Amino acid sequence: MVATRRPAARGVRLRASAVNGRIEISLPPRGGEEIVAALLKAHHTWLEAQVASWPRAIPFAPDARLPIDGLPVRIDWQPDHPRMPMLVGDVLRVGGPLSLLPGRTERWLKARALADLEPATRRLAENLGQPLARVSVGDASSRWGSCASARSGVNDAEGARIAYSWRLIMAPDWVRYAIVAHEAAHLVHQDHSPAFHALNRQLDPRAGEARRWLARYGAALHWVGRQS
Ligand SMILES: [Zn+2]
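This report concerns the structure included in the present document. (Residues numbered from 1 in each chain as written. Predicted model: local features only at pLDDT ≥ 70, side-chain atom pairs only at ≥ 80, totals over all residues. Heavy atoms only, no water.)

## Quick word on helix H6 (residues 207-221)
Quick note on the threshold: What we call the bend at a residue is the angle made by axes fitted to the seven residues finishing there and the seven residues starting there. A run of H or I in DSSP counts as a helix once it spans at least four residues, and a run of E counts as a strand once it spans at least two, with each numbered from the N terminus. Three exposure classes are used, based on accessible area relative to the maximum for each residue type with a 1.4 Å probe and protein chains only: buried under 20%, partly exposed in between, and exposed over 50%. The contact definition used throughout considers only heavy atoms, calling two residues in contact when any of these lie within 4.5 Å.
At Ala215, H6 shows its maximal bend, which comes to roughly 45°. Residues of H6 that are buried: Ala207, Ala210, Trp213, Leu214, Gly218, Ala219 and Leu221. Where H6 is buried, its residues touch strand S4 (65-68), helix H4 (173-188) and helix H5 (194-203).

## Here we look at the sheet that holds strand S3 (residues 22-27)
Applicable threshold: The rule for pairing is simple: two strands pair if DSSP sees at least two bridges between them. Orientation is described by lines fitted to C-alpha atoms, with helices fitted over the stretch in contact, and by angles between N-to-C directions that extend from 0 to 180 degrees.
Strand order in this open sheet of 3 strands is S1-S3-S2, and the pairing throughout is mixed. Taken across any chain shown, the strands that pair with only one partner, and hence form the sheet edges, are strand S1 (2-5) and strand S2 (13-17). Averaged over neighbouring strand pairs, the angle between their axes works out to 20° when direction is ignored. As defined by bridge partners, S1 adjoins S3 across 4 bridges and the pair is classed as parallel. By the bridge assignment for S3, Thr4 is matched with Ser26. In this fold helix H1 (residues 33-42) packs onto S1, S2 and S3, with an angle of close to 145° to the strand it touches most, S3. On the sheet, helix H2 (residues 44-53) packs against S2 and S3 and is oriented at approximately 25° with respect to S2.

## Observations concerning the packing of aromatic side chains
Note the following rule: Here a pair means two rings of Phe, Tyr or Trp (six-membered ring of Trp) with centres within 6.5 Å. Their orientation is stacked below 30 degrees between planes, edge-to-face above 60, and tilted elsewhere.
Evaluation of the coordinates by the stated rule reveals 2 aromatic pairs. Both rings, one in Trp54 and one in Trp223, keep their centres 6.2 Å apart while their planes meet at 45°; by these two values the pair is tilted. In this pair, Trp54 is assigned in the loop between H2 and S4 and Trp223 in the segment after H6, connecting sequence segments 169 residues apart. Residue Trp54 shares its accessibility class with Trp223, and that shared class is buried.

## Points about the coordination of the zinc ion
Note the following rule: For Na, K and Ca the donor cut-off is 3.2 Å, while for other metals it is 2.8 Å, and in both cases only N, O and S atoms qualify; water is not among them, so sites may look incomplete.
His182 (NE2), His186 (NE2) and His192 (NE2) make up the full set of protein donors to the zinc ion, lying at 2.0 to 2.1 Å. Site description for the zinc ion: donor spacing in sequence, H-x3-H-x5-H. What makes His186 buried here is its relative accessible area of 10%. For His192, a relative accessible area of 53% corresponds to the exposed category.

## A look at H5
Where we set the bar: In this description, one arc is meant: the one made by directions from the helix axis to the C-beta atoms.
By the burial criterion, the buried members of H5 are Phe196, Leu199, Asn200 and Leu203. Projected onto a plane normal to the axis of H5, the buried residues spread over an arc of 105° and lie on a single side. In H5, the exposed residues that point more than 90 degrees away from the buried face are Pro194, Arg201 and Gln202.

## Comments concerning unusual backbone geometry
With a phi close to 70°, Asp63 is a non-glycine residue in the positive phi region. Judged by relative accessible area, which is 48%, Asp63 ranks as partly exposed. Phi at Asp69 is positive, roughly 55°, even though this residue is not glycine. Relative to the helices and strands, Asp69 resides in the loop between S4 and strand S5 (71-77). The partly exposed category is assigned to Asp69, whose relative accessible area is 29%.

Written as structure tokens, this is what we have:
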């Protein structure tokens, strides 16, 4: 349970985050303790059901199964396998000391995500005739992609910057492509106006389907590589 006091909060809010696996409470700068206690009591059953419905953590460990491109892959760790992870069919071979397995696996997934997302993004930016300065991957929990446009004044000279969650490499490629198309459409329209959606649909007719996939399975991707 995480309680945060927020200067702008007018009341008490209770939220069960399936992405972070946390019960989040936000409170105004002062007071609210009794309301929190009453809320927790009143919503006890609801909270229990939420927690029970959360995805299960999949630590990077020998024989763990994680998705890559939407398909299950098993981690085959042997100390004498090459240290650089290698995907062979539906098996991810990783070698070296067991203690380094989690870090090695995550770095490999991040590199694979960038190697996939960057060229796809650059291709669309080029087709749209839009300058693109940088494509990167991170681990934001709230967004799958973000686009800081050149027109916001930050990167006027060299173009926009697009960042993705590396976790998209675990989703099917058409879902990943939907996020690429969404961010690329933001190179032209920095809003969610009808013009933006028209361009987005033109770049990716399956955008809506991908949103639904992420709404359903996206939270689980945030539990991969977690201990609990
Ligand atoms: Zn957007």
